[in-house]
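Breakdown of the fold
Letter by letter, the chains look like this.
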Amino acid sequence: MKSKKLYLVAIILMGMFLVGGCSVNGSTASKDQILDVAIGTDINTWDITKFPEGDARFVWSQIYETLVRLDADLNMVPGLAESWESQENGKVWIFKLRQDVKFHDGTPLTAEAVKYSYGDRAYVTMAKTLQFENIEVIDDYTVKFTCPKPMPLPTYMTHIAWPVVSPTSVSATGEFIKPIGTGPFKYNSYTKGQEVVLDKNEEYWGDEVKLSQVIFKIIPDSSTRIMALTSGDVDMSLKIPESDVAQLQADKDITVNRKLSTFTDFLQFNTAKAPFDDVSVRKAVANAIDTEGIVKNALNDVGVAAQGRAYSPVMMYSAKDLPLYSQNQATAKSLLAAAGWKDNNGDKILEKDGQPLKVVLLVGQSWSPRELKISEICQAQLKEIGFDVEVQQVEAAAFSEIEKAGNFDMLMRTGYYVWGPYPHHVKVHFSKNYASHYNNPAYDQLVQEGESTTDDAKKAEIYGNLQKMILEEVPAFYLLHEEKIVATRNNVQGYEISAEDPWLELRGVYLK
Amino acid sequence: MIRDILKNKMALSGLLIITMLILVALLAPVLAPHDPYEQLLEKALMAPCWDYPFGTDEYGRCVLSRIIFGTQTALFIGLSVTVVSAFVGVGIGLTAGFYGGRFDEFLMRIVDVFLAFPGLILALVVAGLLGPGLPNVIFALALVGWMGYARVVRGAVLAEKEKEFVETARSLGASDGYIIFLHLLPNIISPVIVMASIGIGQAILGAAALSFLGIGVQPPTAMWGLMLSYGKDYLQSAPYLTIFPGVIIMVTVLAFNFLGDGLRDVCDPRYGKVIEE
C-alpha cells in the first residue's frame, strides 16, 4: 500500500517536471519556423557603449545593421546606406541612406540616428578607433562625416560591433532600455547565460524574413553544443571545434558549412622587454613552431597554415610570394645561440646573463577552444629549442588587465583588429595603439601612408611591404588562418556561410 | 593489529592496490612506455593499440604514460593534503580538548565557521584566488580538510582526559605538553589514522575536481583530473581519453576508502569479539 502511494507521488512529480520543461516561449510564433542556434559565449552588452565580445556579435548581426555590408565573399555592398562618395581625397565621406527603413519600434531610420550611433556614446569613438572632426546631418537621409585625415571610412562601416542603432533605445535620462535596430530580427527576451529569443521583423526593408523566431542558446562547452546538434535540440551550431568536423561530416543528418574566414590566430610578442626585445629570439620562435603540422594534425586540416603570413588569403591586398617560415629547429637554435642564449646548467632551458629563458604565454577565453590547444602545442615545440613557456589561461577582463600592466611575454590572439577584408589589422603593431607592444617608426609610417592613400596600386604595394616587414621583424608570429565552421541539421535550408567572422546571415534561412 | 588488517579482506585489497600505486609512482620513468610530455602531433587521437595500450590524446601523447606519471602527482597531493590537514586538525583538537573553557569554545566556533562553507566551493575560491600551482592546490584542499580531525580529536580528548592515567600523570608532576603528546595522543590516534586514510582518497578526488574545472595544477602536468577535462571534448570520438583516467581515479579513491573502512573495523574494540563469543 505504502509503496503504491510512493509510485503515485513519483509519477505526479515526473509529470510536473515534464510540463515545466515544455513551457512555450512567451510569443505566439508559429511553431514550425523557429530556428534554434547554439552559441558559445554569453552576450556581454546590448548597447553600443561597449564592445560586444565573442559570440555576442553573431546575435547583434540579427538585430543591428551597418551602413555598408559585405556579401558572402567579402565584397562591399550597400547596407543601410544606398550609396556613398568621398570628397577631399577621402577626408570627407557622404552617405545616402535608404529611405524605406524603419527601426523595430517603428521610428524611421534618419541621418540623426546615424549621427547618434557614431557620437560620443559609442564605443568606437570612445576607444578612438574612429575619430571624426564633425558629423553633419545634411538632410533626413544624407549624412556627412569629416575625418581628421583621409581614410577608407566605408571599410570601417561594415563592422557589426559598430552598427546603426535607434536613439530611442535609450531613455530621456540616458538609460539603456533595450536593443532597437533595423535588422531582420527584433529583440524579444534574454535570459542571462541561457538564451536569447528574437522575433521576425515583419517590416524588414529587404526580402521577407522566412523564420518566425530565432532562439540563440548559450552553451559554453563545445562537446555539449555538438550533442545538442546531433540530438536535434538545436538546428544550427556555431563554433564547432576543428577536431569534430570529420565526425559531423560523417553524420547524414548534418551539413558542415566551412569557409576560410578573415580571422588569423597569432602569437603577439611583448617587444618592450627581454627576451622578445631581441628580434633574433622572435625569429627563433617563428622557426620553432610547425604551423603546417598544427593545422594538419591538431586541427585535422581545417584551416590554413599561416607560416607567419599576417593576413588570410581572402583579405584585400594579401600578398603572394611572401618569404614564409617553415619549422626549422636547427635555425631556431642557432639564432638563439647567436643571441647569447646557452644552456649552462644542463636543464635543457637556455640562459643568458644568469636569467633562464622563461616566458609567459597569455591565452584568453573568448573566441575559440583551439587557442588553448595551439598554445600548448607551441609550449611543447618551444621547449624543444630551450624555452620554458608558462601558459596562462585567463578570462577576458584579466587578460586586458595583465596586458596593460605588461606582465606577459606572448599573447595568443585570434582575428584581433580584423573586420571585413580591409587590412585594418596592421594597426595592431602601430606603436600608438595601446595593444601594440611594438615600436618601429618605419612601420608606423607605412601604416599611416597605407590608410591615407587613395591609389589602389599604391595601397597594394604599401600593404605588401607591411606584410614583408612583419615577416622580417616578427612583432607577432602568425599561426593559422581560421576556417569558419557552422554546422546545420538538414532541415535548415537556404543558409549560405559568409567569409566574414563573426557574422551570421539568417535572412534567407527557412526550415523544411 | 597488523594481523587483523591482513584478515580483513577489504582493508587487505585496499592495501594491495595502494602498494601497487606507490610502486607505479616510484617506478614511473621505468614503467611508462613513452615520454608523457612528448607531443607527436601526427599520432594524435589514436585508439588503443599495441604501441599505445590506452591510446593517445589530442596532442599525440601516450595516455598510459600520462596516467602512470599522474600517479606521482595524485599520491603527492593526496599525502601532503592529508598530512597538512591532519597536523593542523589534530593540533587544534588536542589543545582545544585539553584546555577546554573559552579557548576551546573559540577554536570550535572557528571550526564551525569553516564547516559552514561547502568544502569544494571554498577550495575552488581559494585555489582560484591564489592562482595556478601545485602548492596552492594543496593549501586550498588542506584548508577545507582539517576541521573533521579537530572535531574528532577534541571529542576523544574530552573523554580521555578524565581517565585515571591522566590524573596519575598529573599527580606525578607531568607537564601539559608531556601529557598531551605522550599520554593523550597515542590514545586518540587510531580514529585519526582511519580518517587520514579515507582523507587521502578524498584529497585526490578533490584535486581531480579542481583540475577538471581548470583551477590549480596547470597543463602540461600529467594529472588525472586534467586529462578528464581535456578528454571531455572528445567524449564521442575518443572515449578512451576519459574512460581510463576515470577508472584510475575511481580505483584509487576506492582503495583508500576500503583501507579506511577496514582500519575502522579493526580499530573498533568490538571487532572480532562478536565472532569469538
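The structure contained in this document is the topic of the report that follows. Predicted, not measured: the structure shown is a model, and the values here were computed from it.

All names here are of chain A. Here strand β4 (residues 81-87) runs beside strand β5 (residues 92-97); their pairing, made up of six bridges, is antiparallel. By the bridge assignment for β5, Trp-84 is matched with Phe-95. The turn joining β4 and β5, which pair antiparallel and follow one another in sequence, is formed by four residues; a positive phi near 50° is taken by Glu-88.

We now examine the interface of chain A and chain B. Tallying the contact residues gives 20 residues for chain A and 16 residues for chain B. Among the residues chain A hides against chain B, the three largest losses belong to Asn-297, Lys-373 and Glu-376 of chain A. Together they make up 30% of the total. Across the contact surface, chain A and chain B share one salt bridge. For Asp-221 of chain A, the salt bridge is made with Lys-232 of chain B, and the minimal N-O distance between the two is 3.6 Å. Those elements giving two or more residues to the side of chain A that touches chain B turn out to be α6 (222-230), α9 (291-298) and α11 (370-383) of chain A. Take the side of chain A that touches chain B: its biggest share by element is seven residues, from α11 of chain A. The residue makeup of the side of chain A that touches chain B, split by class, is eight nonpolar, eight polar and four charged.

So, about a nonpolar patch on the surface. Residues and elements named next belong to chain B. Taken together, the side chains of Ile-22, Leu-23, Leu-26, Leu-27, Val-30 and Leu-31 define a hydrophobic patch exposed on the protein surface, amounting to about 580 Å² of accessible area. Among the secondary structure elements, those contributing two or more residues to the nonpolar patch are α2 (9-26) and α3 (28-31). Structurally, the position occupied by Leu-23 is in helix α2.

Note the cis peptide between Ala-274 of chain A and Pro-275 of chain A, where omega equals 0°. A cis amide bond links Asp-501 of chain A with the next residue in sequence, Pro-502 of chain A, at an omega value of 0°. Assignment of secondary structure puts Pro-502 of chain A in the loop between β20 (492-493) and β21 (510-511). With a phi close to 65°, Lys-128 of chain A is a non-glycine residue in the positive phi region. Position of Lys-128 of chain A among the secondary structure elements: in the loop between α4 (123-126) and β6 (134-139). Its relative accessible area of 57% is what places Lys-128 of chain A among the exposed residues. Despite not being glycine, Leu-45 of chain B has its phi angle at roughly 55°, a positive value. The residue Leu-45 of chain B is located in the loop between α3 and α4 (63-99) in this model.

With that settled, consider the pairing of strand β9 (residues 195-200) of chain A. Residues and elements named next belong to chain A. Burial runs high along β9: six of the six residues are buried. In terms of strand pairing, β9 meets strand β10 (residues 213-218) through five bridges, oriented antiparallel. Across the sheet, the residue bridging to Val-197 is Ile-215, located in β10.

This part takes up helix α12 (residues 396-405) of chain A. Each turn of an α-helix holds 3.6 residues, which means side chains three or four residues apart point in the same direction. All names here are of chain A. Within α12, burial applies to Phe-399, Ile-402 and Glu-403. The buried side chains of α12 occupy one side of the element, clustering within an arc of 100° when seen end-on. Turned more than 90 degrees from where α12 packs its buried face, Ala-397, Glu-401, Lys-404 and Ala-405 sit exposed. Among the structural elements, β16 (358-363), β17 (388-393) and β18 (410-414) are those in contact with the buried residues of α12.

This paragraph deals with the sheet that holds β6 of chain A. Strands belonging to one sheet form pairs held by backbone hydrogen bonds; the direction of such a pair is parallel or antiparallel. Residues and elements named next belong to chain A. Spatial strand order, β4-β5-β7-β6: four strands in an open sheet with antiparallel pairing. The open sheet has two free edges, formed respectively by β4 and β6, since each of these has just one partner strand. For this sheet, the mean angle separating the axes of adjacent strands, direction not counted, is 20°.

Further remarks concern the environment of Gly-340 of chain A. All names here are of chain A. Within the element layout of this structure, Gly-340 appears in the loop between α10 (329-338) and β14 (351-352). Between the C-alpha atom of Gly-340 and that of Asp-100, which follows or precedes it by 240 residues, the distance is 67 Å. Apart from the residues within four sequence positions on either side, Gly-340 is in contact with Glu-351 and Lys-352.

Procedures and definitions
- Residues numbered from 1 in each chain as written.
- Chains lettered and ligands numbered in written order.
- Predicted model: local features only at pLDDT ≥ 70, side-chain atom pairs only at ≥ 80, totals over all residues.
- Heavy atoms only, no water.
- Pairing = 2+ DSSP bridges.
- Helix = DSSP H or I, 4+ residues; strand = E, 2+ residues; numbered from the N terminus.
- Contact = heavy atoms within 4.5 Å.
- Buried area = accessible area lost by both parts, 1.4 Å probe.
- Salt bridge = Lys/Arg side-chain N within 4 Å of Asp/Glu carboxyl O.
- Nonpolar A, V, L, I, M, F, W, Y, C, P; charged D, E, K, R; others polar.
- Patch = residues over 30% accessible without salt bridge, like charges linked within 9 Å, V, L, I, M, F, W, Y side chains within 5 Å.
- Areas by Shrake-Rupley, 256 points an atom, 1.4 Å probe, with all protein chains shown as cover.
- Buried < 20%, exposed > 50% of the residue type's maximum accessible area, 1.4 Å probe, protein only.
- Arc of directions from axis to C-beta.
- Axes fitted to C-alpha atoms, helices over the stretch in contact; angles between N-to-C directions.

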